[in-house]
Amino acid sequence: MADPPGCCSTCATCLLCPYSCQWITAKKEKRKGLRTTKYDCSWFFFLFCVFLFTLVWLYFAIIILNDFHNFNEFIFRQRKLWLDWSLVLLIATAVLISYSSVLLVLALFLQLCGQPLKLHWVHKVLLILTALVVAAAFTGLGIKWAEEWKSARISLQATGPFLHIGAVGGMTLLAWPLASFIYRTHSTGLKVFVLLVFWAAMIALYLAPLGITSPCIMEQNQLPPKPGLIGHRGAPMLAPENTLMSLHKAVECDVQVFETDVMVSTDGVPFLMHDEELTRTTNVQAVFPERAALNSTAFNWTDLQQLDAGSWFLERRPFPTVQSLSPSDRKEAAEQRIPSLQQVLEAAKQSNISIMFDLRPENHSDYQNFVNVTLEVILQSGIPLQQILWLPDGFREVVKQQAPGVQHVYGRKRLENEEPGLHVNLPYQDMSSEEIRQYRQDNISVNLYVVNQPWLFSVLWCSGVSSVTTNACQVLKEMKRPIWLLPSSTYFMIWIVVDCVSFLIIIWAFVLMK
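Presented here is a report on the structure given in the accompanying data block. (Residues numbered from 1 in each chain as written. Predicted model: local features only at pLDDT ≥ 70, side-chain atom pairs only at ≥ 80, totals over all residues. Heavy atoms only, no water.)

Taking 1.5 Å per residue, 26 residues should reach 38 Å; helix H7 (residues 148–173) reaches only 32 Å between its end C-alpha atoms and comes up short. Along H7, the largest kink reaches about 65° and is centred on Thr 159; proline Pro 161 follows within four residues of it. (Helix = DSSP H or I, 4+ residues; strand = E, 2+ residues; numbered from the N terminus. Expected span 1.5 Å × (residues − 1). Bend = angle between axes of the 7 residues up to and from the residue.)

Now the structure itself:
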């Protein structure tokens, strides 16, 4: 195996040493007569597969960042430990993808330089561990967080055209080491097999756009109106969730609706709280340590007023945005208390913002009384009833009778022959682009939750969704148009140009290497 022109011995040695973990010169390797065996080729193939495996996991890791705050909350409820696990995920994923990428690049350059691919046993063990770790991550995702597979399907609508271009580019770059391998291999059968596999993959990639669909492949004049914004527990990236400060920050973000959760104290006062326990968003462990594990509804209003509902936000920093708060915002956040529904309705009436809420817990033995007490507070507040969006399914008929002006929002898809004008509130994974378009045509308002990432907001915008519930109202507010919007004719032209340029580069690589 002679070195091709332009590959110096020093460069070959520098590539060989970290790959084989042997500080030996390339010339000595030649004198020893070392060659790349079928066993070495199988390890190179395994390396390539591990690289692709970790690359796919990196894609998934980026996608699930939209919902990772839910995972952080889940871990806190289980372990009472708050940590931004998204940082752990990204760091671990970056280490795995960097390691496999470096090894793959070394192997490709060694092939170009005509050096043997003698992967050291340490690298073999680490590659096997990498594959096992990623496989465990996918398995855990499938068992504990299965809905994220639907998120991946939606993400392909946002990234499909660009993944196609990236895949074609990556496979095109492989033409150089592949040509080097073909010209150095004496086995005709192996040459034919490798070439058939390579060109089958390239043809599949060249034709992939035939199966790529995205709602954002449309003309500019076909783009639906921008979806309205609903603040998930207010503006939780800018203020402690479910507080008056969070409501005011949501108003500043131009949200149309303040989404929250209502519970009722033992003395009949409806108040804002999401969790069944108070430990995550208050200092109940310090004030009432012996009662900290009790349900939120087990406290009276006097007890609830003693709790600090803002300092946790500054201490735990549930979102990175907390670090950029101004001193005045930090001071205001530290002074937050649990608000009653009456206080929130008064603030909403003054800000002309609607309120959408769940009444929790639904399985409580006194739930009907919760409904009656909540309705009484709403009616006494004087807020226009059309500003109330009622989510709870329990005793809905009672609500319709006592407060006929309230708007009802359903956490399900429409039933057969259901009247138009319906409002539905669903996870964004539960509706396809085709369903969203059909609902829009049938005058059914669709709100999807929880949408934080611009790529996801863009796909739903192009699909025609009415509104989205978000933690990141300050980000989505600034979006004037989807991240990308391509007319079908422009995408077709890009497709043809990319495929043709790739084909010419591959042919040129084989001719040049020969």
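Taken together, the side chains of Trp 121, Val 122, Val 125, Leu 126, Ile 128, Leu 129 and Leu 132 present a nonpolar region at the surface, about 630 Å² in accessible area. Inspection of the secondary structure puts Ile 128 in helix H6 (residues 121–144). The exposure class assigned to Ile 128 is partly exposed, which follows from its relative accessible area of 40%. (Patch = residues over 30% accessible without salt bridge, like charges linked within 9 Å, V, L, I, M, F, W, Y side chains within 5 Å. Areas by Shrake-Rupley, 256 points an atom, 1.4 Å probe, with all protein chains shown as cover. Salt bridge = Lys/Arg side-chain N within 4 Å of Asp/Glu carboxyl O. Buried < 20%, exposed > 50% of the residue type's maximum accessible area, 1.4 Å probe, protein only.)

The next thing to look at is unusual backbone geometry. Residue Pro 361 is bonded to the preceding Arg 360 through a cis peptide linkage, with omega at -10°. On the secondary structure map, Pro 361 appears in the loop between strand S4 (354–359) and helix H16 (367–381). One non-glycine residue, Asn 242, lies in positive phi territory at about 55°. Within the secondary structure, Asn 242 is located in the loop between strand S1 (228–232) and helix H10 (244–252). Positioned with a positive phi, Arg 317 is a non-glycine residue whose angle comes to about 50°. Assignment of secondary structure puts Arg 317 in the loop between helix H13 (311–316) and helix H14 (327–334).

Moving on, we come to the pattern of salt bridges. Under the criterion given, the structure shown has 20 salt bridges. Of the charged contacts, one joins Glu 252 and Lys 249 as a salt bridge, the two residues approaching to 3.9 Å between their closest N and O atoms. Taken together, the residues span about one helical turn, with Glu 252 and Lys 249 both in helix H10 at a distance of three residues. Owing to a relative accessible area of 13%, Lys 249 belongs among the buried residues under this scheme. Put simply, Arg 280 and Asp 275 hold a salt bridge, and the shortest N to O gap is 2.7 Å. What emerges from the salt-bridge pattern is a single network uniting Glu 73, Arg 77, Arg 233, Glu 241, Asp 275 and Arg 280.

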